[in-house]
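# Fold and geometry: a report
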Amino acid sequence: MARPSLALAAEDCFHCGLPIPDSARFVIEARGAWRRFCCAGCEAVSQAITAGGLDDYYRLRTAPAARPAEAAPDDCAIYDDALIQSRFVRTLPDGTREAELVIEGIRCAACAWLLEQSLARVPGVLSATVNATSRRALVRVAEIGVRGDLSGTGTTGSPSDKSPLTPISAVFRAVRGVGYAAWPYEQARLAQVEDGERRRLLRRVCVAGLGMMQVMMYAVPAYIGAADVSADAASLMRWAGFILTIPVLLYSAGPFFTGAWNEMRAWRPGMSTPVAIGLGAAFAASAWSTVRGSGDVYFDSITMFVFLLLGGRYLEHTARTRAARSLHHLAAWMPQSACRVHGLSDAQGEVVPAAHLNVGDLALVRPGETVPADGVVASEGADVSEALLTGESRVLERHRGAALVGGSVNAGAAFVMRVTRVGAETMLSGLRRLMERAASQRPPSVRMAERAAFAFVVFVLGAAAAGLAMWWTFDPTRALWVAVSVLIVTCPCALSLATPVALTVAIGSMARRNLIVTRGASIERLAGVTDVVFDKTGTLTQGLPALRGVIALPGQAEERCIDIAAAIGRLTSHPVDRAIVAAAGPARVTVTRHRIDPGQGAEAVIDGNRVRLGRAAFVQQLTGTPPPFEALPHAETVAWLGSRDGWMAAFRLGDTLRPEARAAIAGLHAMGMRVYMLSGDEPPPALRAARELGIAQVEARATPQRKARFVSELQESGARVAMVGDGLNDGAVLARADVAIAMGSGADLAQLEADAVLLSDNLDDLVAAMRIARAARRIVRENLAWALGYNLLVIPLALAGQVTPLAAGIGMSASSLLVVLNALRLGRMAPASLSR
């Protein structure tokens, strides 16, 4: 088809909205019409969107796109470098990669939709999630696949055809191809975007405030002394108010009109629609009264309404940003540089960016410095503070080989560490991702409130139209102002803000109490908990049992038994195994094969012989005979060691209760919750611990399957169950519970199944978090009750003509502000005040 003549009416660029230069000759057919563009970049991007069948983007978007030439990265191939990828890409257990990006140029939800659709079409991209609010994208890419297998499942081709499917640079090119810019996620970049939004909103507030003050200066004389104002002076003040209101409407209130236009174009009126209609109608009527020199004008009401509404939005933005930044505080603790050394005796080393550290590198951490990555102590020992994670400033002693968490602070002499995890693989990065996932999710109550707000907007528009028609029949002079008052006085935004602001603040408050919420709906479920089930070891106890004695069977050497048990114990993360390893010396036994039976024990092949360490019944399956004795001291945990040749040894271990556990259990009881304890230990130690803690219902010898059934039985009786667990064998029961809470020191599997992670391992923080959740639920109910009550009260008054547009603007803004301020109160509450 031949190109059309360029003799078209002047218009803005169809893609980015910028003015089209006279010399521009960029035209394509899009959405059934010929469209003009300001540059070749916009033309190419729009052509790619249309050719890909994604032109619904132009119908759904609420703002013009960013200009591609401004958004495109200079060179995408640089992001294929492994060193750069270590900062924002991590490899998942299934072998796929997950990249975390910051997207610039997102203006609305339609932009996010377009990006998700475009990324999903990139071969090898398994999933893509774009958050329009946070401007962040999470893209999962196949690591190894088969040529021709674009799903990454490897179902076609031969094994010899395996090759990397999708370079990360393809993701960046796909983003650039639809007119946006992408960068690796960095806190500094995200902060720049947030600060830019805040400054733009503040400028709009300032313009509205200045305009309001000036317009009020001209309006007040007419209010207090209308009879003393001459006709010429009154006309001058009207025209002054008219002129000063224009920049307030065009600049400060611009987003309302843009939003309303796009809402109506998509046939989905939202919160901007009644505001824009009310402002537009009030301004048009006031302008007409100004031109003809008679009638009421409400320029002061218009500017005040815009100022108050923007002020409320600024407070809301500040609250959200503050809560979100409280979730990002972990990233700020990681140092920007590190001292890499070449050996334990190297006291100088070289200073390198922390991002340049690799797994296996040695790093020198001087007194007062921050550990630059996850690792282990390579020196004789170290003294560190993990206040970032636990909230406790006490110094922890770490011996050679002990784990170190990036972000910890060296509280003693200089030491050397060996790096084990860097970049996106570190513990802090994982926790940050969990927190941000919770903040980005919309729980059911939020979605319900959004649907209610949409229905309410439709109702308000109908009520305003009915009021206009009703008043027009017997008092046409008041009909318009009644309709405007109905549109302005109602506050659907209060309904929409009631839940998300409170939940956002609650997530930040819980983070300050060391409970990291990993799913958005967890707070609502936590507030409704009626029963709390605790695992014993590592949850109610310190989780670090000590080896109190070894009983070697006749013919067995005690030292040899300890070495064999320690070799098996090094393969697991169970607290009992760690205690045996801690009591043993250097590794002197080699394991050739092993397997772990969660909740029972572990089996290994040592010197060609199968050996088991764990429960008596588990070991008996291998020995073929019952334990040789049972007369062990009560209230002790016993781990048995045996092989095909018979029983070898019994290890006696003891654990201690957490010092705050009894008070925490009492606090849960005071909140009306029923508390249970499940333990895999024998009855004597389990019963003793329950008795000391004041827990009436306890079950010992509980297998992982039994724990899951126990929780299911509680749920079948109508209980809402929170499970607090620690350890490898808690994954199944955590997944079954209504709310799963993992201790921060627990196994990775437990944390992956958890709705929340208690970083401090302090049960007092758990109780405080539950009180915060209940307070958040109470505040949400207060907000919803206020929003509904306010609207049900003011709509009849406005229809009756008892509410002026000025009073309507004040009422609407006050309603939104009250909801936000009530939610912010949650962040300032002391823990004691949360118990109501």
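The model shown is predicted, which means the values in this text are computed figures rather than measured ones.

Next up on the list: the pairing of strand 1 (residues 26-30). Both strand 1 and strand 2 (residues 33-37) contribute to a ladder of 5 bridges, which runs antiparallel. Residue pairing in the sheet places Glu29 in a bridge with Trp34 of strand 2. Where strand 1 hands over to strand 2, the hairpin turn is made up of 2 residues, of which Arg31 adopts a positive phi near 50°.

In terms of nonpolar packing, the biggest core is built from 51 residues, with Phe534 and Met770 touching the most fellow members. Counting residues per element, this core draws most heavily on helix 29 (residues 763-799), which supplies 11 residues. Leave out the neighbours within four places in its chain, and Phe534 touches Thr539, Leu540, Ile665, Leu668, Val675, Tyr676, Met677, Leu678, Met723, Val724, Leu763 and Leu766. Formed by 26 residues, the second largest nonpolar core is a distinct cluster that contains Leu201, Ala208, Ala287 and Ile302.

Counting across every chain of the model gives 7 aromatic pairs. Taken together, a centroid distance of 6.1 Å and an interplanar angle of 80° make the contact between Phe14 and Phe37 edge-to-face. Of this pair, Phe14 sits in the segment before strand 1 while Phe37 sits in strand 2; the two residues are 23 residues apart in sequence, bridging distant segments of the chain. Considered together, Phe14 and Phe37 belong to a single accessibility category, that of buried residues. The interplanar angle of 65° and the centroid separation of 6.1 Å between the aromatic rings of Phe242 and Phe299 together place this pair among those described as edge-to-face. One end of the pair, Phe242, is in helix 8 (residues 231-252); the other, Phe299, is in helix 11 (residues 299-327), with 57 residues separating them in the sequence. With respect to class, Phe242 is no different from Phe299; both count as buried. Taken together, the ring pairs in this structure connect Trp239, Phe242, Phe283 and Phe299 into an aromatic cluster. The lysine or arginine in question, Arg204, covers the ring of Tyr251, its NZ or CZ lying 4.8 Å from the ring centre. The positively charged end of Arg612 is found above the aromatic ring belonging to Phe618, 4.3 Å away from the centroid.

A separate point is the sheet that holds strand 31 (residues 756-758). Working definition: the strands of a sheet are paired by backbone hydrogen bonds and lie parallel or antiparallel to each other. Across the sheet, which stays open at both edges, the 7 strands sit in the order 19-31-30-29-20-27-28 with mixed pairing between neighbours. Sheet topology places strand 19 (515-517) and strand 28 (697-699) at the edges, where each strand pairs with a single neighbour. Geometrically, the sheet is characterised by an average inter-axis angle of 20° between neighbouring strands, direction not taken into account.

Calculation criteria
Residues numbered from 1 in each chain as written. Predicted model: local features only at pLDDT ≥ 70, side-chain atom pairs only at ≥ 80, totals over all residues. Heavy atoms only, no water. Pairing = 2+ DSSP bridges. Helix = DSSP H or I, 4+ residues; strand = E, 2+ residues; numbered from the N terminus. Core = buried A, V, L, I, M, F, W, Y, C linked by side-chain atoms within 4.5 Å. Buried < 20%, exposed > 50% of the residue type's maximum accessible area, 1.4 Å probe, protein only. Contact = heavy atoms within 4.5 Å. Phe/Tyr/Trp six-rings, centres within 6.5 Å; stacked < 30°, edge-to-face > 60°. Lys NZ or Arg CZ within 6 Å of the ring centre and 35° of its normal. Axes fitted to C-alpha atoms, helices over the stretch in contact; angles between N-to-C directions.

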